[in-house]
Amino acid sequence: DGVEVLVHVGIDTVRLKGEGFTVNVAKGIVTAGDVLATVDLEVVKAAGYDPTTIVVVTNTKSLTTVAPLTGKDVAVGDPVIDITR
């Protein structure tokens, strides 16, 4: 629906040079339920990196509201950002 999102798994994990990561979508249009990547979080943690995942909406100026949904653990399929066009 025109929302542009950048997802970065882990802090400084670029130093792993792809180890533990299988990327399914590098750039393009995705729909709800698409698998973007598979990450072995044990590889990330064993290498000493923080597995925190950062989700950024990059076109906020073209949207009415972008608000993170915080304060809870999430599962697959749970919303993490409330967006109003």
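Predicted model, so just to flag it, every value in this text is computed and none were measured.

## Concerning the pattern of salt bridges
Here is step 1: A full pass over the atoms with the stated rule returns 1 salt bridge.
Here is step 2: Ionic pairing is found between Lys 45 and Glu 42, a salt bridge with its closest N-O pair at 3.9 Å. One end of the pair, Lys 45, and the other, Glu 42, are both in helix α1 (residues 41–46), 3 residues apart, so they sit about a helical turn from each other.

## A word on the side chain of Thr 13
Here is step 1: Tracing the backbone through its elements, the reader meets Thr 13 in the loop between β1 (5–11) and β2 (21–23).
Here is step 2: For Thr 13, a relative accessible area of 4% translates into the label buried.
Here is step 3: With sequence-adjacent residues up to four places away left out, Thr 13 is seen in contact with His 8, Phe 21, Val 44, Tyr 49 and Asp 50.

## Quick notes on the environment of Asn 24
Here is step 1: Inspection of the secondary structure assignment puts Asn 24 in the loop between β2 and β3 (37–39).
Here is step 2: Each C-alpha atom, one on Asn 24 and one on Thr 38, is 7.8 Å from the other, the two residues being 14 residues apart in sequence.
Here is step 3: Those residues in contact with Asn 24 that lie beyond four places of it in its chain are Val 35, Leu 36, Ala 37 and Thr 38.

So, how was this worked out
Residues numbered from 1 in each chain as written. Predicted model: local features only at pLDDT ≥ 70, side-chain atom pairs only at ≥ 80, totals over all residues. Heavy atoms only, no water. Salt bridge = Lys/Arg side-chain N within 4 Å of Asp/Glu carboxyl O. Helix = DSSP H or I, 4+ residues; strand = E, 2+ residues; numbered from the N terminus. Buried < 20%, exposed > 50% of the residue type's maximum accessible area, 1.4 Å probe, protein only. Contact = heavy atoms within 4.5 Å.

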